[in-house]
Amino acid sequence: MTMTKTLVHWSEAAEAVEAPNQLLIDGEKIDAVSGERFAVTNPATGETITEVAQGDAADIDVAVNAARTAFEDGRWANRSPRDRGQVLISLAELIETHTEELQLLETLDVGKPIRYSGRVDVSQAVNTYAWYGEAADKLYGEIAPTGRHALGMITKEPLGVVGAVTPWNFPMMMNSWKLAPALVAGNSVVLKPAEQAPLTALRIGELALEAGVPPGVLNVVPGFGETAGRALGLHPFVDGITFTGSTEVGKLFLAYSARSNMKRVSAETGGKTPNIIFADAPDLDFAIGAVGFSIFWNTGEMCIAGSRLLVERPIYDEVVEGVAAMSGSWMPGNPLDPSTKAGPVVDDIQLTKIIGYIERGAAEGARLVAGGSRTLTETGGYFIEPTVFADVDNSMEIARDEIFGPVLSIIGFDTQEEALQIANDTRYGLSAAVWTSNLGRAHTMAAGLKAGTVWINNFDTSDITAPFGGYKESGFGGKDKSLHALDKYTHTKTTWINLGRGGV
Ligand code: NAD
């Protein structure tokens, strides 16, 4: 029997929560070498949840050495793919068993509404670990189609030690997109979660041990980017970095690689997604509803956020009015309340940044048609109203920068060519959406948009079976999700066997 859990239930659970607060290195929970700790804050109240051990370069060094030893002695890499897969499937099952605990930790840590943190974040993580676990023993090598004089075998091998550096907006999900393919391929991993979101990363590290991932194979070192993240990027014993975060920091990892051992770097970075509605959109009400999810869900803290809404002139006023009215349904509230659709933004730094963009958008001449202010200040939390600007020009700062908050810019266009030109006039290329009934236009737009993912008459359809990642400054060095992700975590080796005269 499923019982609907109430605000009272979640509030009581929050009072009693036991948050993990130590580093996880070589299978042990330990304090930082320096003894330092940092406060992890609940963005809905501004209160400290716990103080977590603050890893820095010294702890990264210990963790990388543990991961290197674990890799070289083959305790994980030499296990059969099926064995590794079974362990990941066990991890998926354990995460599912701990759904309530993990969803609460995620909600407290980053302010994600409790109604989504279980059915989206936990369940996506479960699905990802299980999917790669199931794939483990279904991947084959190749034989090169050469003549009969030799046999050319093409095989995949793990990179070795992978450093994973991740953001705070979907902590459990982003971590699973990195850890599951890296581990299933046989690598050892050092995960440096975002300093705003270390809690579920630490707990999943513990569950991985329980599931049978050997000590040293998955190490979790919370800490700050400029210290712990940088040390991982520069470490000579790290063979690959898998990064998700801002474009600016993604570029730093390329530089760290260049300055150290030329380690492989893959980066999933920022976005400024154009969401393009033509006058022949098949169902305008549905499209307007999807605009809400595209920019106000997860408080707009999404790399794929549809932050630029491009609307064809004949329906421009109708859409602006519809979107402004719809935005009211995304007013933020207490994330522990199961009726809440939008929570706070992650911290006061993000709050100040978003408010600054809103002020400059108004100063640049954009027309504010909804929201625009901080709200629920009495809670001590970092809440912002869903905000809509109309009459935005694509050259304005609010249309160019990734705001990473609930702020929508609406831009009008007259022709398909103009829509495509505006859509591609950005340094980003993560995703794009097109709403039209015209099949030819849908294909032409999909082909013309410089983006890693294009949605036609939907927004943010996704599945673990399809690759995800950006063009231009939205991504570099491979994709997350699907079997394509395994390319990031494996070397391709060619072995030639001489077949001698008998083969000639
Ligand atoms: P961020 O770049 O500030 O931080 C990401 C990670 O990098 C964190 O773990 C952080 O500690 C670390 N870091 C920060 N400075 C560093 C430095 N100098 N050296 C080494 N590491 C450093 O990003 P964020 O604010 O946590 O996340 C938001 C960003 O993530 C947005 O730009 C968003 O678009 C992007 N993102 C992209 C995707 C995608 O798949 N493309 C998905 C989610 C988020």
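Thresholds, definitions, all that
Residues numbered from 1 in each chain as written. Predicted model: local features only at pLDDT ≥ 70, side-chain atom pairs only at ≥ 80, totals over all residues. Heavy atoms only, no water. Helix = DSSP H or I, 4+ residues; strand = E, 2+ residues; numbered from the N terminus. Rg over C-alpha atoms; globule rule 2.2 N^0.38 Å. Buried < 20%, exposed > 50% of the residue type's maximum accessible area, 1.4 Å probe, protein only. Areas by Shrake-Rupley, 256 points an atom, 1.4 Å probe, with all protein chains shown as cover. Lys, Arg positive; Asp, Glu negative; His and termini not counted. Charge placed at Lys NZ, Arg CZ, Asp CG, Glu CD. Pairing = 2+ DSSP bridges. Domains from an automatic or database assignment. Contact = heavy atoms within 4.5 Å. Buried area = accessible area lost by both parts, 1.4 Å probe. Salt bridge = Lys/Arg side-chain N within 4 Å of Asp/Glu carboxyl O. Near = heavy atom within 4 Å. Polar contact = N/O pair within 3.5 Å; in protein donor to acceptor, adjacent residues only side chain to side chain. Arc of directions from axis to C-beta. Axes fitted to C-alpha atoms, helices over the stretch in contact; angles between N-to-C directions. Parallel < 35°, antiparallel > 145°, perpendicular 65-115°, else oblique. Nonpolar A, V, L, I, M, F, W, Y, C, P; charged D, E, K, R; others polar.

A.B. asks: Provide a residue-level description of the overall build of the protein, including the pertinent values.
C.D. replies: Within the protein one finds 15 helices and 24 strands. Whereas a compact globule of 504 residues would reach a radius of gyration of roughly 23 Å, the protein reaches 24 Å, a difference of no more than 12%. Oriented by its inertia axes, the alpha-carbon framework of the protein measures out at about 75 × 60 × 50 Å. Within the protein, the proportion of its 504 residues that are buried is 57%. For the protein, the exposed surface amounts to about 20000 Å²; the carbon and sulfur share of it is 53%. One finds the centroid of the 40 positive side-chain charges in the protein at a distance of 9 Å from the centroid of its 62 negative side-chain charges.

A.B. asks: I'd like a rundown of the sheet that holds strand 6 (residues 150-158), residues and numbers included.
C.D. replies: If you walk across this open sheet you meet the three strands as 5-6-24, and the pairing is antiparallel. Edge positions in the open sheet fall to strand 5 (142-143) and strand 24 (490-498), since each of these has one partner strand only. Judged from the nine bridges that link them, strand 6 and strand 24 form a sheet pairing that is antiparallel. Residue pairing for strand 24: T155 is matched across the bridge by K493.

A.B. asks: Please give an account of the domain arrangement of the protein that cites residues and values.
C.D. replies: When the domains of the protein are assigned, the result is domain 1 (7-269) and domain 2 (274-456). Here domain 1 and domain 2 have C-alpha centroids that lie 31 Å from each other. Listed as interface residues are 28 residues of domain 1 and, on the opposing side, 31 residues of domain 2. Of the roughly 2300 Å² buried at the junction of domain 1 and domain 2 (both faces included), carbon and sulfur atoms supply 61%. Residue R427 is joined to E248 by a salt bridge in which the shortest nitrogen-to-oxygen separation is 2.7 Å.

A.B. asks: Which residues make up the site of the ligand, and what are the values?
C.D. replies: Close to the ligand lie 29 residues; K192, E195, S246, T269 and E402 are nearest. Within the side chain of S246, one N or O atom sits 2.6 Å away from an oxygen atom of the ligand. One of the backbone nitrogen or oxygen atoms of T269 is found 2.7 Å away from a nitrogen atom of the ligand. Contact with the protein chains removes 91% of the 840 Å² of surface that the ligand exposes when unbound.

A.B. asks: Tell me what's going on with the pairing of strand 17 (residues 387-390), and back it up with residues and numbers.
C.D. replies: Side chains of strand 17 alternate between two faces, with T387 and F389 and V388 and A390 buried alike. Sheet topology places strand 14 (residues 367-370) next to strand 17; three bridges connect them, and they run antiparallel. Bridging across to strand 17, A370 finds its partner in V388.

A.B. asks: Tell me what's going on with helix 15 (residues 439-448), and back it up with residues and numbers.
C.D. replies: Among the residues of helix 15, R441, A442, M445 and G448 are the ones counted as buried. Down the axis of helix 15, the smallest arc covering the buried residues is 140 degrees, so these residues share one side. Turned more than 90 degrees off the buried face of helix 15, the exposed positions are L439, H443 and A447. Buried residues belonging to helix 15 abut strand 12 (274-277), strand 13 (308-312), helix 14 (416-424), strand 20 (431-435) and strand 21 (453-456).

A.B. asks: I'd like to hear about the pattern of salt bridges, residue by residue, with values.
C.D. replies: If you walk through the whole model with that rule in mind, you get 25 salt bridges. D425 serves as the salt-bridge partner of R400, at 3.1 Å between the closest nitrogen and oxygen. On the criterion of sequence distance, the pair formed by R400 in helix 13 (residues 397-400) and D425 in the loop between helix 14 and strand 19 (428-429) is long-range, its members being 25 residues apart. On the basis of relative accessibility, which here comes to 31%, the residue D425 falls in the partly exposed class.

A.B. asks: Explain the packing of helix 8 (residues 225-234) against helix 9 (residues 247-259) residue by residue, including any values.
C.D. replies: Look at helix 8 against helix 9: their axes get within 8 Å of each other, and the N-to-C directions meet at 45 degrees. The orientation of helix 8 relative to helix 9 falls into the category oblique. Of the residues in helix 9, those touching helix 8 at G229, R230, G233 and L234 are F253, Y256, S257 and R259. Among the residues making up the contact of helix 8 with helix 9, the classes are represented as three nonpolar, three polar and two charged.

A.B. asks: Pulling in residues and values, what's your account of the side chain of T387?
C.D. replies: Its location among the elements puts T387 in strand 17. Residue T387 is classed as buried on the basis of its relative accessible area of 0%. For T387, the side chain forms a polar contact with the main-chain nitrogen of G372, separated by 2.9 Å. For T387, the side chain forms a polar contact with the main-chain oxygen of E385, separated by 2.8 Å.

A.B. asks: Summarise the environment of W168; cite the residues concerned and give the values.
C.D. replies: Structurally, the position occupied by W168 is in the loop between strand 7 (161-165) and helix 6 (171-184). You can call W168 buried: its relative accessible area is 12%. Distance in space between the C-alpha atoms of W168 and P198 is 8.4 Å, their sequence separation being 30 residues. Leave out the neighbours within four places in its chain, and W168 touches V110, A194, Q196, A197, E301, V346, Q350 and F404.

A.B. asks: Give me the lowdown on the side chain of S327, citing residues and values where you can.
C.D. replies: Take S327: it is sitting in helix 11 (residues 316-327). Residue S327 is classed as buried on the basis of its relative accessible area, which comes to 3%. Beyond its immediate chain neighbours, meaning those up to four positions away, S327 contacts F296, A370, P386 and V388.

A.B. asks: Outline the sheet that holds strand 18 (residues 407-413), supporting the account with residue identities and numerical values.
C.D. replies: The strand order across the open sheet formed by seven strands is 14-17-18-13-12-20-21, and the pairing between neighbours is mixed. The strands lining the two open edges of the sheet, one partner per strand, are strand 14 and strand 21. Put simply, the sheet's adjacent strands are angled 20 degrees from each other on average, direction ignored. Across four bridges, the pairing between strand 20 and strand 21 is parallel. Paired with A432 across the two strands is V454, which belongs to strand 21.

A.B. asks: Account for unusual backbone geometry, with residues named and values stated.
C.D. replies: The phi dihedral of D391 is positive, around 55 degrees, even though this residue is not glycine. If you trace the backbone, D391 turns up in the loop between strand 17 and helix 13. Positive phi, normally seen in glycine, also occurs at N457, with a value near 55 degrees.

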